[in-house]
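Coordinate inspection notes
The residues making up each chain are set out below.
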Amino acid sequence: MTSGLFYGSCNVENTLSSVVQGKMGKKKEERQPLLVSSNEPLNDTYDRSAIPRPDLRNSPDNVVVHLAGGPMEGASTPDGGVPPPPKPPKPDFDPVLNRNLEHPTSNLDTMIHLLKGNIGSGILAMPDAFSNAGLVVGTVGTLIMGVICTHCMHMLVKCAHELCRRSQMPALGFSEVVETAFATGPSVLRPFSHAAKIMVNVFLCITQLGFCCVYFVFVAANLRDVVAHFWIDLDVQVYLGLLLIPMIVLNWVKNLKYLAPVSLFASILTITGLGITFFYMLQGLPRTSSVHAFAPWHKLPLFFGTAIYAFEGIGVVLPLENNMETPQDFSGLTGVLNTGMVIVAALYTSVGFFGYLKYGDHVKGSITLNLPPNDLLAQSVRLMMGLAIFLSYGLQFYVPMNIIWPLIKDKLHTEKAQMYGEYIVRTIIVIFTFVLAALIPDLGAVISLVGAVSSSALALIFPPLIEIITFWKVGLGRYNWILWKDIAIVIFGLLGFGFGSYSSIENILNADKS
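Our subject in this report is the structure included herewith. (Residues numbered from 1 in each chain as written. Predicted model: local features only at pLDDT ≥ 70, side-chain atom pairs only at ≥ 80, totals over all residues. Heavy atoms only, no water.)

Observations regarding the overall build of the protein chain
In terms of helices and strands, the protein chain carries 15 helices and zero strands. Within the protein chain, buried positions represent 57% of all 514 residues. Surface exposure of the protein chain reaches about 21600 Å², of which carbon and sulfur atoms provide 67%. (Helix = DSSP H or I, 4+ residues; strand = E, 2+ residues; numbered from the N terminus. Buried < 20%, exposed > 50% of the residue type's maximum accessible area, 1.4 Å probe, protein only. Areas by Shrake-Rupley, 256 points an atom, 1.4 Å probe, with all protein chains shown as cover.)

Structural notes on the state of the cysteines
By the definition in use, this model includes zero disulfides. Not part of a disulfide, Cys149 finds its nearest cysteine sulfur in Cys152, a span of 6.4 Å. For Cys149, a relative accessible area of 2% puts it in the buried group. The exposure class assigned to Cys152 is buried, which follows from its relative accessible area of 0%. (Disulfide = S-S within 2.5 Å.)

Side note on the side chain of Ser131
Among the structural elements, Ser131 can be located in helix α3 (residues 126-131). We classify Ser131 as buried; its relative accessible area is 10%. Within polar-contact distance, the side chain of Ser131 engages the backbone oxygen of Asp128 at 2.5 Å. Apart from residues lying up to four places away in sequence, Ser131 is in contact with Ala295, Lys299, Tyr356 and Val363. (Polar contact = N/O pair within 3.5 Å; in protein donor to acceptor, adjacent residues only side chain to side chain. Contact = heavy atoms within 4.5 Å.)

Concerning unusual backbone geometry
Within the chain, Gln168 stands out as a residue other than glycine whose phi angle is a positive 60°. Assignment of secondary structure puts Gln168 in the loop between α4 (135-167) and α5 (174-184). Residue Gln168 is classed as buried on the basis of its relative accessible area, which comes to 10%. Even without glycine at this site, Asn480 takes up a positive phi of about 55°. Within the secondary structure, Asn480 sits in the loop between α14 (443-470) and α15 (481-513).

Observations concerning the packing of helix α6 (residues 193-230) against helix α13 (residues 415-439)
Between α6 and α13, the least distance of the axes is 8 Å, while the angle of their chain directions is 60°. Classified by the angle their axes make, α6 and α13 are oblique. In the crossing of α6 with α13, the sense of the turn from one axis to the other is right-handed. Where α6 approaches α13, its residues Leu209, Cys212, Cys213, Phe216 and Val217 are matched on the opposing element by Ile429, Val430, Phe432, Thr433, Phe434, Leu436 and Ala437. The residue inventory of the contact of α6 with α13, partitioned by class, reads 11 nonpolar, one polar and no charged. (Axes fitted to C-alpha atoms, helices over the stretch in contact; angles between N-to-C directions. Parallel < 35°, antiparallel > 145°, perpendicular 65-115°, else oblique. Left-handed = near helix turned anticlockwise from the far one by under 90°. Nonpolar A, V, L, I, M, F, W, Y, C, P; charged D, E, K, R; others polar.)

Quick look at helix α9 (residues 300-310)
In terms of burial, α9 is a largely internal element, 10 of the 11 residues being buried. Taken residue by residue, α9 has Pro301, Leu302, Phe303, Phe304, Gly305, Thr306, Ala307, Ile308, Tyr309 and Ala310 as its buried positions.

Comments concerning the pattern of salt bridges
Inspection of every chain in the model, using the stated rule, returns 10 salt bridges. For Glu162, the salt bridge goes to Arg166, with nearest N and O atoms at 3.1 Å. Taken together, the residues Glu162 and Arg166, both in helix α4 and four residues apart, mark about one turn of the helix. A residue is classified by how much of its surface remains accessible, and Glu162, at 17% relative accessible area, is buried. On the accessibility criterion, Arg166 (15% relative accessible area) is buried. Note that Glu422 is salt-bridged to Arg426, the shortest N-O span being 3.3 Å. One end of the pair, Glu422, and the other, Arg426, are both in helix α13, four residues apart, so they sit about a helical turn from each other. Exposure class is identical for Glu422 and Arg426. Each is buried. Salt bridges sharing common partners tie together Lys158, Glu467, Lys485 and Asp486. (Salt bridge = Lys/Arg side-chain N within 4 Å of Asp/Glu carboxyl O.)

Okay, structure coming up:
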């Protein structure tokens, strides 16, 4: 939840600064320790103080997101025609040495942001995912999904570096990487570079709006459970209606800087809630023979949708790597990315395994809904997680708003019209996610559908396609093994996209009939 979900104060990637030209020294020979940032120069001939490091991030330091309208915006002609041929790249251009930041993040900061970007409401749905796969298939499948998603993240970073060298840019965002890959790739694809960028932005919007729908349903379902136990049982749509006005007011906050304390509070609530949830899950565990080791095959697409939703953190990868003080420490066998994703995969697998083992086929869309209703501590978890997700809605909302609003802003010519127009657009988008959530109040079905439709495209389909296009002329390995590997991942993503979407929609329709 990516993109992915994340809370807390992270960095915002916005419009990139101009390229710093100049002669670079040789690359750094010794790598920095994994979680230790260093103030040492990159090497003896390259001194950071010699070149000022203007901040590439113009937005508040709250959340890592990808925004539309990056430096490659002008790479296509206005009518979407063939872009002009790129300038010959300088052979000694190194984007890492030209990535000048006033406040770069350390390895530890990047690790924390990476964990926040991958751990959200999706982790609470993993027991439900295991119920659609079985204990054995769920365990193995989650780990395999983690390996594939992590490999796709590495592919995206590698392609971004190569495309930065070609375009002489210090850093690129997700959609700019896709656009540059098409613009500098095979000639037959160059006319479609701008369309490719638009497509990625559309999927980013769909993903984040899907997250917002999940947030609406998640908060309403947990709130309903608490109120139903202590007072009166009302339909979940009632709670969705009660949440609408507070959600609108919350998202009238235009500057994420003012949400920093709120996001920090949400992170504390999330960590506390997960700790208490583990406390309940690990008590009185039954034998593994009490649950299915293998679920029926027709349920596997639902597992795929929920699992890929939970692993959706690819949208934060490039902004994090772009803003690191030592970006060379991001990749590698023991780099920040691998270390963080091992932790994420271990958490997802453990929550899914023990949650399904504890509650079996009675597990619900969020594990918090299975906690003992008569226990005040368990009820407090529902309130904590519900409040944390509610407060984090604005962070997920930030991405689609910053893709949609610039398209409308240009049509409003006065400052007053732009001010009121932005409030109206914000309100309409929140109401839109509310309507979708009210139409599909089944939390598990919504999560699986969002994961299958949009998360699979961003995490599994686009990265291998970008790698094929980027290195088509350079070569794709001996016997073209990179090509066949990428094709296999694309087919896997397309199958998950198709069957996962079909099964999720069928599940939603069957639930409505019953």
